[in-house]
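Breakdown of the fold
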Amino acid sequence: MIDYKKFVEKSVDYLADYIVINKLQSLVLGISGGIDSTVTAAIASKACKKVNASLIGRSLPCNTNKGDETNVAMLVGRAFCDNFREVAIENMYANIAFDLSYNEVEMTPLQKGNVKARLRMIYLYNLASIYKGCVLDTDNKTEHELGFWTIHGDVGDLNCGLIYLWKTEVYELAHYLYDSYLLKGKVTQPND
């Protein structure tokens, strides 16, 4: 059984130390509305507050994102980030997809997904350059072991520790974080 309190403490210390040692001013996070980026946001927020750095968050939706994903991303960004915005990347994607298809052949859904992931990472690395930070990676052990990630599209500079947790454990960690934030008044129940 994982001690999630200790896991969070070690993850926060690791991120905070990394920020200080590398003289960073921020951490940059792509927020999808999924469990991995949500948990990463909660942990990174604690680390940034500990060392007075900013957590820069962006939701970067494209035409395949569902409304509930972007709604959750907005809630997560507002709850945990010092600087959060939603920036649609649909126009960038449409231009690149057209050029790639025009010059070669029609892209498969897998290829389209890889292009979108890489566009998001281009955007996030540009922000990291602007805000003197580094890009957070949100991969968990299940995704990494199964190869469910895009080279130069999903893996950032720094992982808060999810890379050591199976997806089921990420959900358990999320429950722990929710309970600890709820008890400390950081998150409110609906209708509160």
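To be clear, the structure that these remarks concern was listed above.
In short, a report on the structure. Bear in mind the structure is a predicted one, so any value in this text is a computation, not a measurement.

The next subject is the overall build of the chain. The helix and strand tally for the chain stands at seven helices and five strands. Each helix and strand of the chain, placed in order from N terminus to C terminus, yields the pattern α-β-α-β-α-β-α-α-β-α-β-α. For 192 residues, the compact-globule estimate of 2.2 N^0.38 gives 16 Å, and the C-alpha radius of gyration of the chain, at 17 Å, lies within 12% of that figure. Taken along its principal axes, the extent of the C-alpha atoms in the chain is 55 × 35 × 35 Å. Out of the 192 residues belonging to the chain, those deemed buried represent 44%. Here the chain has roughly 11000 Å² of accessible surface; of this, 55% comes from carbon and sulfur atoms. Side chains of the chain give 20 positive and 23 negative charges; the mean places of these two sets differ by 6 Å.

On to the environment of lysine 46, then. Tracing the backbone shows lysine 46 in helix α2 (residues 35-51). Between the alpha carbons of lysine 46 and glutamate 69 there is a distance of 23 Å; along the sequence they are 23 residues apart. Ignoring sequence-local partners within four residues, the contact set of lysine 46 consists of Val8, Val12 and Tyr181.

Enumeration according to the criterion identifies five salt bridges in this entry. In this structure, the salt-bridge partner of glutamate 143 is lysine 167, at a minimum N-O distance of 3.6 Å. One end of the pair, glutamate 143, is in helix α6 (residues 141-146); the other, lysine 167, is in helix α7 (residues 167-183), and 24 residues separate them in sequence. A relative accessible area of 24% means that lysine 167 is categorised as partly exposed. Three or more residues are tied together by salt bridges with common partners; here these are Asp36, Glu143 and Lys167.

With that settled, consider the packing of aromatic side chains. Under the criterion given, the structure shown has one aromatic pair. Between tyrosine 14 and tyrosine 18, the aromatic rings sit 6.4 Å apart at their centres with planes inclined by 45 degrees, giving tilted as the arrangement. Residue tyrosine 14 and its partner tyrosine 18 are located together in helix α1 (residues 4-21), separated by four residues, close to a single helical turn. Its relative accessible area of 44% is what places tyrosine 14 among the partly exposed residues. Using a relative accessible area of 26% as the deciding quantity, one classes tyrosine 18 as partly exposed. Just above the ring of tyrosine 93 sits the side chain of lysine 116; from NZ or CZ to the centre is 4.9 Å.

This part takes up the packing of helix α4 (residues 90-103) against helix α5 (residues 109-130). Between α4 and α5, whose axes approach to 10 Å, the crossing angle comes to 130 degrees. When the axes of α4 and α5 are compared, the pair comes out oblique. Relative to α5, α4 is oriented so that their crossing is right-handed. On the side of α4, the interface is formed by Met92, Tyr93, Ile96 and Leu100, while α5 contributes Lys112, Val115, Lys116, Leu119 and Tyr123. Along the lines of polarity and charge, the residues of the contact of α4 with α5 split into seven nonpolar, no polar and two charged.

A separate point is the side chain of glutamate 169. With respect to the element layout, glutamate 169 can be found in helix α7. Despite being buried, glutamate 169 has no salt bridge partner; lysine 141 is the closest side chain of opposite charge, sitting 6.9 Å away. When neighbours within four sequence positions are excluded, glutamate 169 is seen to be in contact with Ile2, Tyr4 and Tyr164.

Reading the values: rules and limits
Residues numbered from 1 in each chain as written. Predicted model: local features only at pLDDT ≥ 70, side-chain atom pairs only at ≥ 80, totals over all residues. Heavy atoms only, no water. Helix = DSSP H or I, 4+ residues; strand = E, 2+ residues; numbered from the N terminus. Rg over C-alpha atoms; globule rule 2.2 N^0.38 Å. Buried < 20%, exposed > 50% of the residue type's maximum accessible area, 1.4 Å probe, protein only. Areas by Shrake-Rupley, 256 points an atom, 1.4 Å probe, with all protein chains shown as cover. Lys, Arg positive; Asp, Glu negative; His and termini not counted. Charge placed at Lys NZ, Arg CZ, Asp CG, Glu CD. Contact = heavy atoms within 4.5 Å. Salt bridge = Lys/Arg side-chain N within 4 Å of Asp/Glu carboxyl O. Phe/Tyr/Trp six-rings, centres within 6.5 Å; stacked < 30°, edge-to-face > 60°. Lys NZ or Arg CZ within 6 Å of the ring centre and 35° of its normal. Axes fitted to C-alpha atoms, helices over the stretch in contact; angles between N-to-C directions. Parallel < 35°, antiparallel > 145°, perpendicular 65-115°, else oblique. Left-handed = near helix turned anticlockwise from the far one by under 90°. Nonpolar A, V, L, I, M, F, W, Y, C, P; charged D, E, K, R; others polar.

These results come straight from atomic positions and should not be treated as a statement about function.
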